[in-house]
Amino acid sequence: CMQASVLQDASPRYPNAATTPSTRLITRVSHAPAALLTPTTGCASMRNLWLIFMTTQAALQQEDDPRASPTIKLSNGVVMPRVGYGCAGKASARYVERALREGVRLIDTAQADEWYDEAAAADGLRASGVSRDDVTVVTKLHPKNHGATTARRLIDESAQRFGGYVDVFLQHYLACWDGLCGKNWRNTVEGDWRDSWRAMEAAYDEGLVKAIGVSNVGPREVDELVKFARIKPHVVQAWMDPFHASVELRKTCEKHNIRFMAYSTLGTQWSMQGRANPVLSSSKLREFGDPARVALSWALLRNAVVIPRSFSNERIAANARLYDGGVLTVGLDAAALEAIDALDGTLDQSDDVQAVFANDGDENVVLLWKGPDGDVEVGSAAPGASVEISTYRGHEFAAKLHRHEEAFATYQIGAARRQTFRVRDPEAGPDL
Ligand SMILES: NC(=O)c1ccc[n+]([C@@H]2O[C@H](COP(=O)([O-])OP(=O)(O)OC[C@H]3O[C@@H](n4cnc5c(N)ncnc54)[C@H](OP(=O)(O)O)[C@@H]3O)[C@@H](O)[C@H]2O)c1
């Protein structure tokens, strides 16, 4: 009767899985924690008692844990933690599990498998032994899946993956662009953000998602969404660090009683642009303590939810210990907060560069930005035409012929404010 079996969940499908279902199943069994193992059928009352015991233990552990993040209430009464774990960079199950074991009770993932691994987040959650109901799962719809039917299908998939529901379902972006959705997206995307929003509202009515919202929006878009929505957005997620504080957007969210979730608070967006990270290296922040903790504490004190990402056990633990007994461990008084607020917009933008790629060849060329998460298509030029791109010193681009997979040249952006690159494949010949 006490022989263990894997708890049934509603998620037999692993659309993003790189491994075969059977490999994944073995992984789940070997990592399955006590709280996810139930006695086999035939001992229903014992199983129920056992489940109640395990759930209560998990709840007690969380309540007693002095590190536990305080919570906030969304406009619909749903409660969620102030500190989560961000899963960008395709955080593997091991890191998600680690964050949950360190006491984090919110995970932020997405369906965009160029940056995230939603299946790994679900695996990490299962492996952690923390009850599903104690964790706020945030996930996001890829804009290539906008449209009534497609969005609904993708909501169902995420919900199934996370035990039948998602806590916060966001639109990752309101719209597509070539680099994100592929050149042909105008022909392949079913609908727009409005259609997806209606699908999200229906899923909300059915309890499949507990809260809904958007990401990567500006104040005007939030106003427009609020006007359009039958179910008003509960959460907006956007970039917020001390040098890019999204002040107007946060004010707009406050006006509409929308909770603001900050991303890249540790300066990652700047490093993705090829710059030194101004947050982690800031002497101004260091005056108040460790810059990472100061930046996160500042965002929390400015009413944001934070979702730092780390692939280091030590830093995952440090980020989970921002609070002690409900009090932030980095004390920032009003003067300190104002000093940090004053950093907004102060970064030198002088390394902006205009790069022109002139196609000197006889064939169409495609330009790719070699970003931290892989190549991103940024434009194409017919023979004799040019592509002009705003970029930064140190960035790297590649060019390939339209009909080829492989790039034929790479280009490094140098110091000049305006640079022209002549693009021609020396070996280009007829396509036989
Ligand atoms: N909606 C969107 O479009 C969007 C966009 C970007 C991000 N996000 C979400 O926001 C989350 C966080 O943003 P992010 O991934 O851009 O990065 P982030 O949290 O701003 O920063 C991550 C970086 O900071 C380092 N780090 C983490 N904790 C640290 C600490 N205590 N001390 C020093 N360094 C520390 C990490 O290095 P180590 O790994 O070495 O610790 C990593 O390099 C994402 O994971 C994702 O969930 C959403």
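Residues numbered from 1 in each chain as written. Predicted model: local features only at pLDDT ≥ 70, side-chain atom pairs only at ≥ 80, totals over all residues. Heavy atoms only, no water.

## As for the overall build of the chain
Thought 1: Each helix and strand in the chain was counted, giving 15 helices and 21 strands.
Thought 2: Residues classed as buried in the chain amount to 50% of the 432 residues present.
Thought 3: Residue pairs in contact within the chain that sit at least 24 positions apart in sequence constitute 70% of those at least 6 positions apart.
Thought 4: Summing over all exposed atoms, the chain offers an accessible surface of approximately 20000 Å²; the carbon and sulfur share of this is 52%. (Helix = DSSP H or I, 4+ residues; strand = E, 2+ residues; numbered from the N terminus. Buried < 20%, exposed > 50% of the residue type's maximum accessible area, 1.4 Å probe, protein only. Contact = heavy atoms within 4.5 Å. Areas by Shrake-Rupley, 256 points an atom, 1.4 Å probe, with all protein chains shown as cover.)

## Structural notes on the pairing of strand 9 (residues 209–215)
Thought 1: In terms of burial, strand 9 is largely enclosed, as 6 of its 7 residues are buried.
Thought 2: Here strand 8 (residues 166–171) pairs with strand 9 via 5 bridges, running parallel. By the bridge assignment, phenylalanine 169 is partnered in strand 9 with isoleucine 212.
Thought 3: Where strand 9 and strand 10 (residues 235–239) come together, 3 bridges link them in parallel fashion. By the bridge assignment for strand 10, glycine 213 is matched with valine 235.
Thought 4: One crossover worth recording links strand 9 to the parallel strand 10 by way of helix 9 (residues 219–228), and it is right-handed. (Pairing = 2+ DSSP bridges. Right-handed = clockwise from strand over helix to strand, strands pointing away.)

## Thoughts on the sheet that holds strand 21 (residues 418–423)
Thought 1: Read from one edge of the open sheet, 3 strands run 18-15-21, paired in mixed fashion. The sheet is open, and its two borders are formed by strand 18 (386–392) and strand 21, each paired with just one other strand. Recorded for the sheet is a direction-independent mean angle of 25° between the axes of neighbouring strands.
Thought 2: Bridging between strand 15 (residues 352–359) and strand 18 involves 7 bridges; their strand directions are antiparallel. Across the sheet, the residue bridging to alanine 355 is isoleucine 389, located in strand 18. (Axes fitted to C-alpha atoms, helices over the stretch in contact; angles between N-to-C directions.)

## Considering the environment of methionine 200
Thought 1: Looking at the secondary structure, you find methionine 200 in helix 8 (residues 193–205).
Thought 2: The exposure class of methionine 200 is buried, given its relative accessible area of 0%.
Thought 3: Sequence-wise, methionine 200 and alanine 148 are 52 residues apart; in three dimensions their C-alpha atoms are separated by 8.8 Å.
Thought 4: The residues contacting methionine 200, other than those within four sequence positions of it, are Ile155, Phe169, Leu170, Gln171, Val209, Ile212 and Gly213.

## Focus on the pattern of salt bridges
Thought 1: With the rule as written, the count across this model stands at 22 salt bridges.
Thought 2: Residue glutamate 224 pairs with arginine 194 through a salt bridge whose shortest N-O separation is 3.0 Å. Linking glutamate 224 in helix 9 with arginine 194 in helix 8, this pair joins segments that are 30 residues apart in sequence.
Thought 3: A relative accessible area of 30% means that arginine 194 is categorised as partly exposed. (Salt bridge = Lys/Arg side-chain N within 4 Å of Asp/Glu carboxyl O.)

## Things to note about the UniProt feature "domain: SRCR" (unreviewed entry) in the chain
Thought 1: Mapped onto the present numbering, the UniProt feature "domain: SRCR" (unreviewed entry) falls on residues 152–187.
Thought 2: Note that residues 152–187 is 47% helix and 17% strand, and that its end C-alpha atoms are spaced 19 Å apart. (UniProt positions renumbered as here; feature names shortened; annotations may be inferred.)

## Structural notes on the state of the cysteines
Thought 1: Tallying each qualifying case throughout the model produces 1 disulfide.
Thought 2: Two residues share a disulfide in this structure: cysteine 176 and cysteine 181, whose sulfurs sit 2.2 Å from each other. Across the S-S bond linking cysteine 176 and cysteine 181, the dihedral sits near -85°, which makes this disulfide left-handed.
Thought 3: On the basis of relative accessible area, cysteine 176 is assigned to the buried category, the value being 10%.
Thought 4: Among the residues examined, cysteine 181 registers a relative accessible area of 13% and is labelled buried. (Disulfide = S-S within 2.5 Å.)

## Regarding the packing of aromatic side chains
Thought 1: In the structure shown here, the tally under the stated rule is 9 aromatic pairs.
Thought 2: Seen in terms of ring centroids, tryptophan 239 and tryptophan 270 are 5.2 Å apart; in terms of plane orientation they differ by 65°. Their pairing is edge-to-face. In this pair, tryptophan 239 sits in strand 10 while tryptophan 270 sits in helix 11 (residues 268–272), placing the two residues 31 residues apart along the sequence.
Thought 3: Across from the ring centre of phenylalanine 311, 5.6 Å away, lies the NZ or CZ of arginine 309, which sits over that ring. (Phe/Tyr/Trp six-rings, centres within 6.5 Å; stacked < 30°, edge-to-face > 60°. Lys NZ or Arg CZ within 6 Å of the ring centre and 35° of its normal.)

## Details of the site of the ligand
Thought 1: Around the ligand, 28 residues are found, and the nearest of them are Asp108, Ser215, Ser264, Ser310 and Arg315.
Thought 2: Here glycine 86 contributes a backbone N or O atom positioned 3.4 Å from an oxygen atom of the ligand.
Thought 3: Within the contact set of the ligand, an oxygen atom lies 2.5 Å away from a side-chain nitrogen or oxygen of aspartate 108.
Thought 4: Protein coverage of the free-state accessible area of the ligand, which is 900 Å², stands at 85%.
Thought 5: Counting residues per element, the ones that place at least two in the shell around the ligand are helix 11 and helix 14 (313–320). (Near = heavy atom within 4 Å. Polar contact = N/O pair within 3.5 Å; in protein donor to acceptor, adjacent residues only side chain to side chain.)

## Concerning the environment of valine 168
Thought 1: Turning to its location among the elements, valine 168 is positioned in strand 8.
Thought 2: Residues valine 168 and valine 214 lie 46 residues apart in sequence; the distance between their C-alpha atoms is 9.8 Å.
Thought 3: Beyond its immediate stretch of four places on either side in the chain, valine 168 contacts Met80, Thr136, Val137, Val138, Thr139, Ala211 and Val235.

## Let's talk about helix 4 (residues 118–128)
Since the α-helix turns once every 3.6 residues, residues separated by three or four places project in the same direction.
Thought 1: Across the 11 residues of helix 4, 11 count as buried, placing the element largely inside the fold.
Thought 2: What helix 4 keeps buried is the set Glu118, Ala119, Ala120, Ala121, Ala122, Asp123, Gly124, Leu125, Arg126, Ala127 and Ser128.
Thought 3: Taking the backbone nitrogen of alanine 119 as reference, a side-chain oxygen 3.3 Å away marks aspartate 117 as the first, capping residue of helix 4.

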